[in-house]
Amino acid sequence: MIRALYTAASGMLAQQMNLDNIANNLANASTTGFHNRRLQFQDLIYQNTVVPGSAATQQTTLPAGLQVGLGVRPASSEIIQTEGNFDATGNPLDLAIQGNGFFQVTLPTGDLAYTRSGAFHLDQNGNVVDEQGDSLTPNITIPSNALSITVGTDGTVSVTLPAQIQAQQVGAIQLATFANPGGLNSVGQNLFQPTTASGDAILGTPGGSDGVGSIQQGNLEESNVSVVSEFVNMIIAQRSYEANSRVIRAADEMFQTVNGLTQ
Amino acid sequence: MDSGYYVAYAGFAARMQALDVVASNLANASTSGYKSQSPFYRALAAAQEGEVLSPLNQAVNKFGILGGSRVDVRSGSLQPTGVATDLAIEGDGYFTVQTMAGIRYTRNGSFQLNAARQLTTQDGDLVLAEQGTKLVPITVPTGAVSVSPDGTISVDGALVAKLHIVQFAPGTEIEPEGNSKYIAPAGSERTAVGENVRQGMLESSNINPVAGAVDLIVLQRQADMMSRALSVLNTDFNRPATLDVPRV
């Protein structure tokens with residue numbers, strides 16, 4: 001009975017963490033470029049009363065062992081890489097990636113970080129920066145007298161200056177891909193950093209054969225959270241939590257019965 | 001009285017003491033930086049092994065008593081508060097504070113500034129920073145305080161002090177002293193590496209309500225078992241021994 005109590009407690013804890021994850025997904029349902037995470041669970045070790053495959057007699061083997069599991073634990077939360085819907089905003093510096101890539105930005109500490117959120121702005125020197133002021137890398141500077149900014153699907157940034165008909169190219173945006181984007185480290189602020197699990201960033205030219213996707217100007221990628229799936233997951237988490245609490249109650253009542261044997 | 005009676009009583013008393021620990025955990029569910037304690041039991045041999053036992057002392061019981069309680073050093077979840085002097089450590093480091101009884105360590109980062117603009121805990125104990133090899137209190141000038149992830153405090157961009165954050169080797173006996181402070185054996189602290197100090201957040205208690213509830217159930221049922229054993233031993237053994245045998 002005590003084993004059942006702790007096993008059920010591990011189930012309740014796992015569902016609590018599941019609910020925490022679902023809450024984070026739902027809270028970020030309108031965050032640009034957010035990718036939801038899905039928790040994966042693993043069963044814990046098993047207690048072997050009879051090891052499977054042990055011999056019954058010298059000639060025969062027991063067909064099945066006697067193993068009791070000890071519960072569940074959350075093993076990992078992987079980032080789901082499906083693309084969110086595009087929201088057409090019309091802003092010349094709102095960029096969305098159609099495909100697998102990430103924008104590369106440089107943090108104030110000098111480290112590189114990656115993001116799917118393409119809501120860029122200009123800082124006081126005309127550099128293209130994200131909402132925190134981290135500059136897009138490789139850096140692109142827009143002249144202050146530019147009339148309009150055009151970003152092609154291959155990342156080429158060109159501006160039209162006054163009294164000029166021909167647009168001038170000022171730079172090209174490159175996108176990064178990873179061998180295992182599910183292993184990126186979420187550091188908050190819509191940013192990811194590479195880890196040993198994700199592999200190093202591989203920079204490529206958008207729209208080409210590098211497989212990094214293409215850039216759509218004037219669009220923002222919405223969060224890929226499906227509110228309906230999260231609600232369904234929430235119902236499952238809640239009912240599993242209740243089911244585990246029933247197990248605790250049943251084990252408690254059985255324990256009470258044992259104590260009532262002596263009179 | 002045979003020793004079975006005392007063993008059952010010792011078990012019952014141990015469960016009552018463990019209940020105190022569990023209750024204290026649950027009561028501190030909203031204390032920031034609180035680390036839950038888990039009681040553990042140990043066996044106490046009534047007689048030494050191999051000793052020649054006299055016919056009158058045939059104690060074969062290993063009493064199960066409370067051996068102590070272990071502090072669960074896992075970190076609690078972080079909650080944003082927005083107060084510039086609220087700090088939380090992401091990792092297993094501790095802040096160092098100077099109390100009247102000596103150097104103590106704490107995880108409770110809800111600091112404030114006293115009248116002399118020194119950084120203190122809620123009890124008024126000074127928070128210490130490192131200056132070379134010495135530990136000194138921190139005086140914060142007026143202005144916007146910002147704390148970087150490695151514990152450096154700066155005001156309006158100017159460096160003020162670096163918080164002294166320590167770590168302990170796993171298994172070091174960190175004892176809670178009360179008021180969110182911990183005592184550790186002298187010399188066991190090491191300067192923390194790779195700690196992440198978050199400004200404007202507080203670490204909530206790391207108690208686990210589910211584990212607390214399950215512990216309560218288990219303690220209650222085991223205490224019940226001990227009390228049944230006590231009543232059986234009393235009714236069926238001790239009482240006949242004291243009442244019926246002398247009547248012979």
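Residues numbered from 1 in each chain as written. Chains lettered and ligands numbered in written order. Predicted model: local features only at pLDDT ≥ 70, side-chain atom pairs only at ≥ 80, totals over all residues. Heavy atoms only, no water.

Draft legend 1. A look at the overall build of chain A. Looking only at helices and strands, chain A features two helices and 20 strands. Taken over C-alpha atoms, the radius of gyration comes to 27 Å for chain A, far larger than the 18 Å a tight globule of 263 residues would show. Along the first, second and third principal axes, the C-alpha atoms of chain A reach 100 × 45 × 35 Å. For chain A, buried positions account for 36% of its 263 residues. Considering only contacts in chain A between residues 6 or more positions apart, those separated by 24 or more positions represent 62%. Surface summary for chain A: the accessible area is close to 14100 Å², and the carbon and sulfur share equals 53%. (Helix = DSSP H or I, 4+ residues; strand = E, 2+ residues; numbered from the N terminus. Rg over C-alpha atoms; globule rule 2.2 N^0.38 Å. Buried < 20%, exposed > 50% of the residue type's maximum accessible area, 1.4 Å probe, protein only. Contact = heavy atoms within 4.5 Å. Areas by Shrake-Rupley, 256 points an atom, 1.4 Å probe, with all protein chains shown as cover.)

Draft legend 2. Region of the structure containing the overall build of chain B. Per the secondary structure count, chain B includes two helices and 19 strands. Here chain B has a C-alpha radius of gyration of 25 Å; the compact-globule value for 248 residues is 18 Å, and the former is much larger. Projected onto its principal axes, the C-alpha positions of chain B cover 90 × 35 × 30 Å. Burial statistics for chain B: of 248 residues in total, 39% are counted as buried.

Draft legend 3. Geometry of the packing of helix α1 (residues 3–27) of chain B against helix α2 (residues 209–244) of chain B. All names here are of chain B. Between α1 and α2, the least distance of the axes is 9 Å, while the angle of their chain directions is 160°. With respect to their mutual orientation, α1 and α2 come out roughly antiparallel. As α1 packs across α2, the resulting crossing turns out to be left-handed. Residue classes in the contact of α1 with α2 are distributed as 15 nonpolar, seven polar and two charged. (Axes fitted to C-alpha atoms, helices over the stretch in contact; angles between N-to-C directions. Parallel < 35°, antiparallel > 145°, perpendicular 65-115°, else oblique. Left-handed = near helix turned anticlockwise from the far one by under 90°. Nonpolar A, V, L, I, M, F, W, Y, C, P; charged D, E, K, R; others polar.)

Draft legend 4. Broad picture of empty space enclosed by the protein. Within this structure, the stated rule accounts for two cavities of 30 Å³ or more. Space inside the largest cavity adds up to approximately 70 Å³. In this structure, the largest cavity is lined by A84(B), T85(B), L87(B), F111(B), L119(B), V140(B), V145(B), V147(B), I153(B) and Q199(B). Approximately 40 Å³ is the volume found for the second largest cavity. If you go around the second largest cavity, the residues you meet are L93(A), L95(A), V128(A), L136(A), I140(A), I142(A), V151(A), V157(A) and I173(A). Taken together, the residues that form the lining of the second largest cavity break down as nine nonpolar, no polar and no charged. (1 Å grid on protein atoms, 1.4 Å probe; cavity = no way out; pocket = protein on both sides within 12 Å on 5 of 7 lines; lining within 4 Å. Points joined across faces, edges and corners; volume = space filled by probe spheres on them.)

Draft legend 5. Structural detail: α1(B). Residue and element names in this part refer to chain B. Between the first and last C-alpha of α1 there are 36 Å, a value that for 25 residues agrees with the 36 Å anticipated at 1.5 Å per step. Residues G4, V7, A8, A10, G11, A13, A14, R15, A18, V21, V22 and N25 constitute the buried set of α1. At its buried positions, α1 is contacted by β1 (37–45), β2 (62–71) and α2. (Expected span 1.5 Å × (residues − 1).)

Draft legend 6. Examining the pattern of salt bridges more closely. This model, assessed by the stated rule, comprises 13 salt bridges over all chains. R116(A) is paired through a salt bridge with E221(A); the nearest N and O atoms lie 3.0 Å apart. You can see R116(A) sitting in the loop between β8 (112–115) and β9 (121–122) and its partner E221(A) sitting in strand β20 (residues 219–221), a full 105 residues away along the chain. Of the two residues examined, R116(A) and E221(A), each falls in the buried class. Residue R107(B) pairs with E203(B) through a salt bridge whose shortest N-O separation is 2.9 Å. Of the two residues, R107(B) sits in the loop between β6 (102–106) and β7 (112–113) while E203(B) sits in strand β19 (residues 201–203), which places them 96 residues apart along the sequence. With respect to class, R107(B) is no different from E203(B); both count as buried. Each of K35(B), R107(B) and E203(B) takes part in a single network of salt bridges with overlapping partners. (Salt bridge = Lys/Arg side-chain N within 4 Å of Asp/Glu carboxyl O.)

Draft legend 7. Quick peek at unusual backbone geometry. Residue and element names in this part refer to chain A. P138 follows T137 through a cis peptide bond whose omega is -5°. Topologically, P138 is positioned in the loop between β11 (135–136) and β12 (148–151). The phi torsion at A163 lies on the positive side, around 65°, for a residue other than glycine. Within the fold, A163 resides in the loop between β13 (156–160) and β14 (168–172). Using a relative accessible area of 89% as the deciding quantity, one classes A163 as exposed.

Draft legend 8. Representation of the pairing of strand β9 (residues 126–131) of chain B in the model. Residue and element names in this part refer to chain B. Pairing of strand β5 (residues 94–99) with β9, which is carried by two bridges, proceeds in the antiparallel orientation. Looking at the pairing, Q98 lines up with L126 of β9. Two elements, β9 and strand β10 (residues 134–137), share four bridges in a ladder whose sense is antiparallel. Bridge pairing in β10 links Q131 to K134. Two successive antiparallel strands, β9 and β10, enclose a turn made up of two residues, where G132 displays a positive phi of approximately 70°. Note that β9 and strand β13 (residues 158–163) share two bridges and pair antiparallel. Across the sheet, residue E130 finds its bridge partner in β13, namely K162. (Pairing = 2+ DSSP bridges.)

Draft legend 9. A look at a nonpolar patch on the surface. Residues and elements named next belong to chain A. Together, M1, M254, V258 and L261 give the surface a local cluster of nonpolar side chains, amounting to about 390 Å² of exposed area. Turning to its location among the elements, M1 is positioned in the segment before α1 (2–27). Since its relative accessible area comes to 36%, M1 is described here as partly exposed. (Patch = residues over 30% accessible without salt bridge, like charges linked within 9 Å, V, L, I, M, F, W, Y side chains within 5 Å.)

Draft legend 10. Inspection of the interface of chain A and chain B at higher detail. Each partner contributes to the interface: chain A provides 16 residues, whereas chain B provides twelve residues. Carbon and sulfur atoms supply 64% of the area that chain A and chain B bury against each other, a total of about 1300 Å² over both sides. Considering only the side of chain A, the residues that lose the most area to chain B are D252(A), F255(A) and N259(A), jointly responsible for 35% of the buried surface there. Linking chain A to chain B there are one salt bridge. With a shortest N-O distance of 2.5 Å, D252(A) and R221(B) are connected by a salt bridge. Taken together, chain A and chain B are joined by six residue pairs in polar contact (both at pLDDT 80 or more). Residue assignment for the side of chain A that touches chain B shows that the elements contributing at least two residues are α1 and α2 (227–259) of chain A. Element by element, the count of residues in the side of chain A that touches chain B is highest for α1(A), at seven residues. (Buried area = accessible area lost by both parts, 1.4 Å probe. Polar contact = N/O pair within 3.5 Å; in protein donor to acceptor, adjacent residues only side chain to side chain.)

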